[in-house]
Amino acid sequence: MKDDNKQTYTPMMQQYLKIKEDYADALVFFRLGDFYELFFDDAIIASKVLEIALTARDAGSKVSMAGVPHHSVKPYIQKLIENGYKIAIAEQVTEPGKGLVEREVTRVITPGTVFEDEILEANKNNFIASLLVTEHGYLLTYADISTGESFLVDKLNKKEVIDQIKTLAIKELVVKNQYDTILIEELKSNGIYVTIHEEVNTHDTKWNEHLELNQRQGARHLLNYLNATQKQPLSHLQKIVVEENKKYMNVDFRVKKHLEIIESNTNNQKTTLLYHIDNTKTAMGARLLKHQLNHPLIDLNQINQRLDLITAFLPSQYRSELQERLSYIYDINRIVGKVSFKSVNARDLYQLRETLKQIEPLKETLYKYDNELINNLTNKLDNHQELIDLLEKAISDNPPLTIKEGGIIKTGHNEKLDELHNINAHSKEWLQNFEEEERERTGIKTLKVGYNRVFGYFIEISKAASLAMEEDFGYERKQTLTNSERYISPILKEKEDVILNAKDKAINLEYELFVEIRDEVTKYTYSLQELSGYIASIDVYLSHAISAEKNKYVRPTFNNLREVKIIKGRHPVVEKFTNFVANDIIMSEGETFLITGPNMSGKSTYMRMFALLSYMSQVGSFVPATSASLPIYDAIFTRIGSSDDLSGGKSTFMVEMVESNEALTYATNNSLILFDEIGRGTATYDGMALAQGMVEYIYTKIKAQMLFSTHYHELTALADNYEKITNLHVKAREEKNRMIFLHQVEKGASDKSYGLQVAALANLPKELIKRSEQILKQLENKEDKVKVDLFNYDDEEIIIDNTLSIEQEEVLDGLERIDFDKVTPIDALILLKNYQNKLKK
Ligand code: ADP
Ligand code: MG
């Protein structure tokens with residue numbers, strides 16, 4: 001309909017429609033003077049989402065319109081982005097004057113391409129990723145364009161892709177085409193913003209040249225999309241770091257969530273590990289700490305390097321001084337990013353200068369530690385003296401936020417500018433001086449400088465004097481009055497120009513000079529990013545050292561015997577809210593602990609404590625215990641808290657089985673498995689049977705160390721049949737039919753399951769409890785009679801081999817879902833090779 005009417009619209013509206021055609025999937029912010037206007041459906045959407053007035057404009061015919069002021073546009077953009085919209089900014093690119101102002105889309109803003117401080121959170125990365133299918137699996141290339149940090153992981157399967165995307169909280173995923181509909185749908189249903197972008201760059205840059213050919217594709221794809229949306233070179237993108245999945249402990253998103261490492265299960269940040277160990281002072285430090293917490297290591301040397309640095313920062317003598325120094329340091333990476341985006345303002349450069357000026361004092365403080373490791377880091381800190389000098393000389397001390405209204409360049413930086421400012425301030429004085437000089441030069445005492453609108457500044461000489469003039473002194477006669485002659489002089493003309501335009505010129509020149517300085521700063525992109533990285537490290541290790549002291553953590557040690565020896569371990573979060581009872585964990589290779597005890601006694605807390613201590617150790621952090629010696633785990637699997645997933649849609653039992661299966665499939669004898677009350681979601685005998693089956697399978701086949709808490713008291717008998725299955729129980733005392741929880745974990749099985757006592761604790765009616773006790777007695781008598789032979793385990797019979805492997809299932813699944821209308825022949829080939837490789841595994 002819009003197009004039919006095109007001819008009836010005003011030229012401006014036709015211009016709008018042409019732009020809108022190219023950006024159909026975005027809301028077009030059309031710059032009109034001091035406003036960005038939205039038209040047609042865009043206006044209706046904006047008025048609803050932004051709660052702004054919907055008006056109409058006569059543009060040949062009436063069209064809907066909504067507008068936001070350009071100087072305060074950011075909150076509006078933020079709200080639209082958060083609601084999943086894309087925004088195309090169409091700016092005026094020619095000066096308003098005669099005719100239609102030209103407009104062009106200068107940038108497309110999407111959830112993954114925001115770089116405005118006002119919209120981003122300082123302590124969090126904002127990642128955008130390209131996801132491609134290659135012969136070897138999925139390739140995920142991701143970058144934070146506000147900081148320039150860039151990474152890649154490849155050879156991923158579907159589960160790992162989803163896991164990475166969730167773990168890294170990737171804001172926007174760019175895919176090449178739609179054939180992988182299930183994955184895309186799954187990601188979308190997880191709230192991930194997915195963009196389809198087909199084109200791929202063909203040339204490589206410093207950003208990706210170091211990668212294998214196969215891996216470069218992702219960078220080419222992502223860069224093509226970034227260029228298409230940002231429309232300018234992104235010189236600050238840092239060399240892509242290849243994140244080898246093998247370098248890290250295998251802990252998936254769900255496990256991290258269960259353990260509340262960074263994200264809380266209840267929306268209360270205080271229940272997360274991060275909250276209690278984050279003492280960072282800089283934004284880049286905070287981001288690095290998050291990265292570390294998301295990527296626990298498996299390499300002993302790397303872990304020990306981190307622990308050594310924490311140890312180095314333990315002495316507290318200079319701590320507050322160091323923290324203070326760090327607190328003055330601004331977000332260098334994001335400033336560098338803004339320089340590259342040309343969105344930096346003088347205030348940012350002022351902050352950069354102040355930051356760089358902190359580096360020398362920071363180094364002085366660091367050297368006081370007199371520690372070799374710290375010295376090594378300190379030596380690498382370059383304060384960029386030349387840059388300080390330039391910024392100090394050039395950028396004024398209290399610059400405004402805009403760069404187009406002057407007031408940003410200091411006096412003394414540029415002669416021409418100083419002259420302009422001088423003229424501005426002293427034009428009157430200059431004219432007086434000029435008048436005097438001219439009087440002297442010409443010898444005409446009555447010479448005067450005057451001004452009128454018609455010819456601007458002129459020189460007026462009395463009739464008599466002018467008649468007596470023997471030469472013209474370079475003057476040109478302009479006007480004859482009754483008593484005087486008026487002249488103009490080239491110098492005066494020139495000055496007039498300068499005087500009249502001094503202000504405008506000064507502003508323009510300031511802008512030009514600013515751009516020069518900005519370009520100069522661009523040259524330091526790489527070394528500033530390096531500096532930022534070193535400061536982040538210092539901040540993070542200092543932060544760990546502070547937590548270690550504040551929270552009474554110790555340095556963990558690691559052993560090759562796969563033994564666990566944690567003495568007086570504590571849960572780093574629960575201990576903040578309770579009077580925590582510390583517990584030991586002593587476990588040998590391949591051992592399984594069966595933990596029983598009443599509800600609310602502390603079984604889950606004990607298990608999570610174990611997981612957290614291992615996790616923290618491998619992050620390279622100190623841990624809450626009096627001592628801790630641990631093996632290095634290749635993975636942690638958990639199945640915790642059956643109540644957690646009730647809102648997830650799937651039945652609890654199904655979730656339980658899916659999660660358990662992950663451990664059964666991927667765990668090795670170097671993994672740690674925590675199963676918390678498996679089998680709750682189904683009938684007693686089913687549940688018990690499954691629980692026992694799992695314990696036996698893991699114990700005999702996988703040989704991973706495992707903590708298995710259960711409300712099936714019957715399972716405690718397993719300990720009699722397997723050498724390394726050990727019963728533990730959490731002590732509780734009954735007092736006058738009431739439970740007192742001691743939270744003390746000890747060897748041996750608990751004597752009964754205590755469910756009814758806990759019910760009494762919850763103040764259920766006494767009569768009900770009495771009756772339940774009767775029923776229980778009857779049940780317990782009955783169970784004796786149907787005692788099954790729990791330990792008749794015949795290997796041969798149990799092995800069933802007709803199930804599909806995960807790879808095979810993925811291939812079948814994929815084949816079934818391919819939409820051949822959307823696959824190019826090349827992609828189809830790649831996909832086939834990918835499937836073949838999977839089947840070869
Ligand atoms: P269970 O899994 O046995 O039902 P939880 O581990 O969920 O019990 O613990 C219940 C509550 O008891 C926790 O929320 C915590 O407040 C408290 N608790 C658990 N372990 C300890 C401990 N070691 N010291 C102090 N309080 C504890
Ligand atoms: Mg529990």
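Residues numbered from 1 in each chain as written. Chains lettered and ligands numbered in written order. Predicted model: local features only at pLDDT ≥ 70, side-chain atom pairs only at ≥ 80, totals over all residues. Heavy atoms only, no water.

*Asks:* Which parts of the structure should I look at to understand helix H1 (residues 11–22)?
*Replies:* Each α-helix turn comprises 3.6 residues. Residues three or four places apart therefore point the same way. If you check H1, its first and last C-alpha atoms are 17 Å apart, about what twelve residues at 1.5 Å a residue would give, namely 16 Å. For H1, the full list of buried residues reads Met12, Met13, Gln15, Tyr16, Leu17, Ile19 and Lys20. (Helix = DSSP H or I, 4+ residues; strand = E, 2+ residues; numbered from the N terminus. Expected span 1.5 Å × (residues − 1). Buried < 20%, exposed > 50% of the residue type's maximum accessible area, 1.4 Å probe, protein only.)

*Asks:* Before we go on, may I ask you to explain the sheet that holds strand S17 (residues 557–558) in this structure?
*Replies:* Sheet strands pair by backbone hydrogen bonding; their relative direction is either parallel or antiparallel. Strand order in the open sheet formed by four strands is S17-S21-S18-S19, with mixed pairing between adjacent strands. The sheet is open, and its two borders are formed by S17 and strand S19 (583–587), each paired with just one other strand. Judged from the three bridges that link them, strand S18 (residues 564–569) and strand S21 (residues 627–630) form a sheet pairing that is antiparallel. By the bridge assignment for S21, Ile566 is matched with Ala628. Against the sheet, helix H20 (residues 603–619) contacts S17, S18, S19 and S21, and its axis sits at roughly 70 degrees relative to S19. (Pairing = 2+ DSSP bridges. Contact = heavy atoms within 4.5 Å. Axes fitted to C-alpha atoms, helices over the stretch in contact; angles between N-to-C directions.)

*Asks:* How do you make sense of the environment of Tyr633 when you look at a structure like this?
*Replies:* Positionally, Tyr633 belongs in the loop between S21 and strand S22 (635–639). Using a relative accessible area of 0% as the deciding quantity, one classes Tyr633 as buried. Among residues more than four places away in sequence, those in contact with Tyr633 are Met249, Ile298, Arg562, Val564, Phe610, Ser614, Gln618, Asn670, Ser671, Leu672 and Gln705. Within the structure, the side chain of Tyr633 is placed 2.7 Å from the side chain of Gln705, a separation counted as a polar contact. (Polar contact = N/O pair within 3.5 Å; in protein donor to acceptor, adjacent residues only side chain to side chain.)

*Asks:* Explain the UniProt feature "binding site: ATP" (unreviewed entry) in the protein here, please?
*Replies:* Here, UniProt's "binding site: ATP" (unreviewed entry) annotation points to Gly597, Pro598, Asn599, Met600, Ser601, Gly602, Lys603 and Ser604. Secondary-structure assignment places Pro598 in the loop between strand S20 (592–596) and H20. Inspection of the secondary structure puts Asn599 in the loop between S20 and H20. Judged by its relative accessible area of 32%, Asn599 falls in the partly exposed class. (UniProt positions renumbered as here; feature names shortened; annotations may be inferred.)

*Asks:* I'm lost on the side chain of Arg306 in this one. Help?
*Replies:* Along the chain, the position of Arg306 falls in helix H10 (residues 300–312). No salt bridge forms around the buried Arg306; measuring N to O, its nearest opposite-charge neighbour Glu243 is 8.4 Å away. Setting aside chain neighbours within four positions, we find Arg306 in contact with Gln292, Leu297, Tyr541, Val619 and Gly620. (Lys, Arg positive; Asp, Glu negative; His and termini not counted. Salt bridge = Lys/Arg side-chain N within 4 Å of Asp/Glu carboxyl O.)

*Asks:* Got a minute to help me understand the site of ligand 1 in this structure?
*Replies:* Within the structure, ligand 1 sits among 14 residues, and Val581, Met600, Lys603, Ser604 and Thr605 are positioned closest to it. With respect to ligand 1, the backbone of Ser601 contributes an N or O atom lying 3.2 Å from an oxygen atom. At a separation of 3.5 Å, a nitrogen atom of ligand 1 approaches a polar side-chain atom of His743. Expressed as a share of its isolated accessible area of 550 Å², the protein-covered part of ligand 1 is 80%. In terms of residue count, H20 provides more of the shell around ligand 1 than any other element does, three residues in total. Looking at the shell around ligand 1 residue by residue, the classes come out as four nonpolar, nine polar and one charged. (Near = heavy atom within 4 Å. Areas by Shrake-Rupley, 256 points an atom, 1.4 Å probe, with all protein chains shown as cover. Nonpolar A, V, L, I, M, F, W, Y, C, P; charged D, E, K, R; others polar.)

*Asks:* Whenever I open this one, a negative patch on the surface confuses me. Can you help?
*Replies:* Together, Asp382, Glu386, Asp389 and Glu530 line one region of the surface with negative charge. Here Glu530 lies in helix H19 (residues 525–550). (Patch = residues over 30% accessible without salt bridge, like charges linked within 9 Å, V, L, I, M, F, W, Y side chains within 5 Å. Charge placed at Lys NZ, Arg CZ, Asp CG, Glu CD.)

*Asks:* What is the right way to read unusual backbone geometry from this model?
*Replies:* Unusually for a residue other than glycine, Glu260 sits at a positive phi of about 55 degrees. Inspection of the secondary structure puts Glu260 in the loop between helix H7 (253–258) and helix H8 (273–277). In this structure, Arg562 is a non-glycine residue whose phi angle is positive, near 55 degrees. Tracing the chain through its elements places Arg562 in the loop between S17 and S18. Using a relative accessible area of 12% as the deciding quantity, one classes Arg562 as buried.

*Asks:* Hey, could you run me through the domain arrangement of the protein in this one?
*Replies:* Where the parts come together, the accessible area they lose is often given as the size of the interface. Domain parsing of the protein yields domain 1 (6–109), domain 2 (278–384 + 524–551), domain 3 (415–518), domain 4 (557–781) and domain 5 (806–840). Spacing between the C-alpha centres of domain 1 and domain 2 amounts to 43 Å. (Domains from an automatic or database assignment.)

*Asks:* Hey, could you run me through the packing of aromatic side chains in this one?
*Replies:* Given two aromatic rings, one states the distance between the centres and the angle between the planes to describe the pair. Under the criterion given, the structure shown has 19 aromatic pairs. On the basis of an interplanar angle of 75 degrees and a centroid distance of 6.0 Å, the ring pair of Tyr9 and Phe40 is categorised as edge-to-face. Taken together, the residues Tyr9 in the segment before H1 and Phe40 in helix H2 (residues 40–50) connect sequence positions 31 residues apart. A single burial state applies to Tyr9 and to Phe40, both of which are buried. Judged by centre distance (5.2 Å) and plane angle (10 degrees), the ring pair of Trp430 and Phe434 falls under stacked. (Phe/Tyr/Trp six-rings, centres within 6.5 Å; stacked < 30°, edge-to-face > 60°.)

*Asks:* Just to check I follow, could you spell out the pattern of salt bridges for this structure?
*Replies:* Pairing is possible between side chains that carry opposite charge, provided their charged atoms lie close to one another. In this structure the tally under the stated criterion is 39 salt bridges. For the salt bridge of Arg441 with Glu438, the shortest nitrogen-to-oxygen distance reads 2.9 Å. With Arg441 and Glu438 both in helix H16 (residues 415–442) and three residues apart, this pair spans about one turn of that helix. Across the salt bridge formed by Glu520 and Lys523, the nearest N and O atoms sit 2.8 Å from each other. The structure contains a network of salt bridges with shared partners spanning Arg353, Glu354, Lys357, Glu392, Asp397 and Lys410.

*Asks:* Mind showing me how you'd approach the confidence of the model for the protein here?
*Replies:* With 92% of its residues at a pLDDT of 70 or more, the protein shows a mean pLDDT of 88. With pLDDT under 50 throughout, residues 642–649 is counted as low confidence; its partners more than four residues away or in other chains account for nine contacts. (pLDDT = per-residue confidence, 0-100.)

*Asks:* What am I meant to see in a nonpolar patch on the surface here?
*Replies:* Taken together, the side chains of Leu804, Leu812 and Leu815 define a hydrophobic patch exposed on the protein surface, amounting to about 270 Å² of accessible area. Within the fold, Leu815 resides in helix H27 (residues 806–817). Assessed through its relative accessible area of 43%, Leu815 is described here as partly exposed.

*Asks:* How should I be thinking about H16 in this particular structure?
*Replies:* Between its terminal C-alpha atoms H16 stretches only 30 Å, short of the 40 Å expected from 28 residues at 1.5 Å a residue. Along H16, the largest kink reaches about 85 degrees and is centred on His426. Contacts made by the buried residues of H16 are with strand S13 (448–452), strand S14 (456–462) and helix H18 (490–522). Measuring from the backbone nitrogen of Lys416 back to the side-chain oxygen at the start of H16 gives 3.0 Å, which picks out Asn414 as the cap. Gly443 lies just past H16 and shows a positive phi near 75 degrees. (Bend = angle between axes of the 7 residues up to and from the residue.)

*Asks:* Quick question: what am I supposed to make of the pairing of S22 here?
*Replies:* Each regular strand shows side chains that alternate between the opposite faces of the sheet. Taking burial as the measure, the five residues of S22 include five buried ones, the bulk of the element. Both faces of S22 are covered, namely the face carrying Ala635, Phe637 and Arg639 and the face carrying Ile636 and Thr638. With five bridges joining them, S22 and strand S23 (residues 671–676) adopt parallel strand pairing. Looking across to S23, one finds that Phe637 is bridged to Ile673.

*Asks:* Quick question: what am I supposed to make of the pairing of S14 here?
*Replies:* Burial analysis of S14 places six of its seven residues in the buried class, the great majority of the element. Linking S13 back to S14 in an antiparallel pair, the connection comprises three residues. Judged from the four bridges that link them, S14 and strand S16 (residues 484–488) form a sheet pairing that is antiparallel. Within S16, the position partnered with Ile459 by the bridge is Tyr487.

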